[in-house]
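# An overview of the molecular structure
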Amino acid sequence: MSLNEITWKDMSRYRGELMGAAIFFIVLFHVGLPRNDTFYGLCRCGNIGVDMFLFLSGIGLWFSWVKNPSVKQFYKRRLLRIFPAWLIMSSLYYIPRFDWKTDSIIDLIGDITINWDFWLHDELTFWYIPAIMMLYLWAPWYMRLIQRSSAWRWLPVLMMVWCICVQWVIPIHKTVGHIEIFWSRVPIFFLGINCGEWVRTEKKMEKEAWGLVLLTFLATASACIYLEQVRHGRFPLFAERMIYIPLTVSLLLFLTEFFRHTPSWLNRGSVFLGTISLELYLIHHHFVMVYITPYHLGYWPTVLLTLLFAVPLSWLLHYLIKRVMP
């Protein structure tokens, strides 16, 4: 496969395929693998699917904002995309677990609507949903800021500094350190917004740039695999997620080139997964995989069975919501 020059617009052209790859990586990450397995570190790195989602979401938001820079419309579109599916699945998850005699109804409402136990106690059941909602809340103001002055595009660097402070500055750590999983994903989202202009204006880089992309990918991927395989549990996770930033960008560039050469059926399948990625995220782990895992069928049978049951359910949820809210 000969590499073409790097065209950032391809991230928009193959956005559906890339979103499909991201949710597939997340499913691989969620399926358990023994700590001593040879591929443990590699499967753990499937967690990067979250960073792929956030980066691509940032790019998409910039496109949407440039076309219609209305804060009201921005929030409306984001709310209609996420909240109906979230409200249905969070209700199905939290209400059956609620003890009407002892539990707080306010706490139940908070969990169903904004998963506030994530913010209060780092409850990770559906952590990505409150995280992306918060990022959407901040996004239009950041986009206004960088439109006013491009110097503010350097702000994600300070966000990385903030991640270090969250981990090691004791007063900050005691206050907000419990949601480190959120803070360490903030920079990649806003970097996605920054790169949205490159994608929109079809910025290109010469073929020789692939050498740097390859070096970046190999260096960061090998570091993350080593950390997970050998040092898992013995380092702050935010440090690995800082490595995820260049790994995410280089991986997405390689995947866009990959999807340029793959057969149409594979692209269509990946686009399909990308289309139902939100619903698949909400359903696969806590409504499907949790019932398959106790049978100890092995890693790949569990992956395949999870997808076999979760994909139709996700499509059904997506279809029903689309019918009700076109």
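The structure contained in this document is the topic of the report that follows. Per chain, residues are indexed from 1 in the order of the written sequence. For a predicted model such as this one, the threshold for reporting local features is a pLDDT of at least 70, and the threshold for listing and counting side-chain atom pairs is 80 or more; totals across whole chains, interfaces and linings nevertheless cover every residue. Only hydrogens and water are set aside when side-chain values are computed; all heavy atoms of the structure are taken into account.

## A look at the packing of helix α2 (residues 15-30) against helix α14 (residues 237-261)
To keep things clear, this is the line we draw: Convention adopted: a line fitted to C-alpha atoms gives each axis, helices being fitted over their contacting stretch, and angles between N-to-C directions are expressed from 0 to 180 degrees. A run of H or I in DSSP counts as a helix once it spans at least four residues, and a run of E counts as a strand once it spans at least two, with each numbered from the N terminus. Any angle from 65 to 115 degrees is called roughly perpendicular, while one under 35 is roughly parallel, one over 145 is roughly antiparallel, and all others are oblique. The hand of a helix crossing depends on one turn: near helix anticlockwise from the far one by less than a right angle means left-handed, and clockwise means right-handed. Residues count as neighbours in contact if any of their non-hydrogen atoms are within 4.5 Å of one another.
At a minimum axis separation of 10 Å, α2 and α14 run at an interaxial angle of 120 degrees. Considering the angle they form, α2 stands oblique to α14. Between α2 and α14 the crossing geometry is right-handed. Where α2 approaches α14, its residues Glu17, Leu18, Ala21 and Phe25 are matched on the opposing element by Leu251, Leu252, Leu255, Thr256 and Phe259.

## Notes on the packing of aromatic side chains
Selection rule: Only rings of Phe, Tyr and Trp enter the pairing, Trp through its six-membered ring, and a pair is recorded when the two centres are within 6.5 Å. The plane angle decides the type: under 30 degrees is stacked, over 60 is edge-to-face, the rest tilted. Relative accessibility decides the category of a residue: with a 1.4 Å probe and only protein chains considered, values under 20% of the type maximum give buried, values over 50% give exposed, and everything between is partly exposed. Counted as over-ring charges are cases with an Arg CZ or a Lys NZ within 6 Å of the ring centre that also lie within 35 degrees of the ring normal.
Throughout the structure, instances matching the rule amount to 28 aromatic pairs. Where Phe118 meets Trp119, the ring centres are 4.9 Å apart and the plane angle is 65 degrees; that geometry is what we call edge-to-face. Each member of the pair, Phe118 as well as Trp119, carries the same accessibility label: buried. For the pair Phe217 and Phe254, a centre-to-centre distance of 5.8 Å together with 70 degrees between the ring planes defines the contact as edge-to-face. With a gap of 37 residues between them, Phe217 in helix α13 (residues 209-230) and Phe254 in helix α14 connect regions that are remote in the sequence. Chaining the aromatic ring pairs together yields one cluster made of Phe53, Phe118, Trp119, Trp127, Tyr128, Trp138, Trp162, Phe182, Trp183 and Tyr281. Above the plane of the ring of Tyr136 lies Arg78, whose end atom (NZ or CZ) is 5.9 Å from the centre.

## Looking at the packing of α13 against α14
Which entries qualify depends on this criterion: Residues are sorted three ways: Asp, Glu, Lys and Arg are charged, Ala, Val, Leu, Ile, Met, Phe, Trp, Tyr, Cys and Pro are nonpolar, and all the rest, Gly among them, are polar.
One way to put it is that α13 packs onto α14 with a least axis distance of 8 Å and a crossing angle of 140 degrees. Classified by the angle between their axes, α13 and α14 sit oblique to one another. The way α13 lies across α14 gives a crossing that is left-handed. Where α13 approaches α14, its residues Trp210, Val213, Leu214, Thr216, Phe217, Thr220, Ala221, Ala223, Cys224, Leu227 and Glu228 are matched on the opposing element by Leu237, Glu240, Ile243, Tyr244, Pro246, Leu247, Ser250, Leu251, Leu253, Phe254 and Glu257. Among the residues making up the contact of α13 with α14, the classes are represented as 16 nonpolar, three polar and three charged.

## Structural notes on the environment of Asn267
Worth spelling out the cut-off: Whenever two N or O atoms come within 3.5 Å, that pair is a polar contact, provided that in protein one can donate a hydrogen and the other can accept it, and provided that, for residues adjacent in sequence, both atoms are side-chain atoms.
Looking at where Asn267 falls in the secondary structure, it is placed in helix α15 (residues 264-275). The exposure class of Asn267 is buried, given its relative accessible area of 9%. Sequence-wise, Asn267 and Gly16 are 251 residues apart; in three dimensions their C-alpha atoms are separated by 8.5 Å. For Asn267, the contacting residues outside a window of four places in its chain are Tyr14, Glu17, Phe259 and Thr262. A distance of 3.0 Å separates a polar atom in the side chain of Asn267 from the backbone oxygen of Phe259.

## Some words on the layout of surface pockets
Empty space among the atoms becomes apparent when a probe as large as a water molecule is rolled across them. Stated precisely, the cut-off is as follows: For each structure, a 1 Å grid was placed over the protein atoms alone; sets of points admitting a 1.4 Å probe that cannot get out are labelled cavities, open sets with protein on both sides within 12 Å along at least five of seven lines are labelled pockets, and lining residues have an atom within 4 Å of a point. Grid points are joined across faces, edges and corners, and a volume is the space filled by probe spheres set on the points.
Approximately 820 Å³ is the volume found for the largest pocket. Lining the largest pocket are 29 residues; nearest its centre among them are Arg15, Arg81, Thr275, Leu278 and His318. Looking at the lining of the largest pocket, the element that brings in the most residues is helix α4 (residues 48-67), giving six residues. In terms of residue class, the lining of the largest pocket is made up of 15 nonpolar, eight polar and six charged.

## A few points about a nonpolar patch on the surface
Spelled out, the test is: Here a patch means residues that are over 30% exposed by relative accessible area and free of salt bridges, tied together within 9 Å if like-charged and within 5 Å if nonpolar (Val, Leu, Ile, Met, Phe, Trp, Tyr). Each accessible area is a Shrake-Rupley estimate made with a 1.4 Å probe; only the visible protein chains count as cover when residues are assessed. Salt bridges are identified by distance alone: a Lys or Arg side-chain nitrogen within 4 Å of an Asp or Glu carboxyl oxygen.
The grouping of Ile95, Trp100, Ile105, Ile106 and Ile109 at the surface amounts to a nonpolar patch, some 530 Å² of accessible area in total. Assessed through its relative accessible area of 54%, Ile106 is described here as exposed.

## Observations concerning the environment of Asn115
For Asn115, the location among the structural elements is in the loop between α6 (105-114) and α7 (116-121). What makes Asn115 buried here is its relative accessible area of 0%. For Asn115 and Phe25, which are 90 residues apart along the polypeptide, the C-alpha to C-alpha distance reads 24 Å. Residues within four places of Asn115 in sequence aside, it is in contact with Trp86, Tyr94, Gly110, Glu123, Phe126, Trp127 and Pro130.

None of the figures reported here should be taken as evidence of function without further support.
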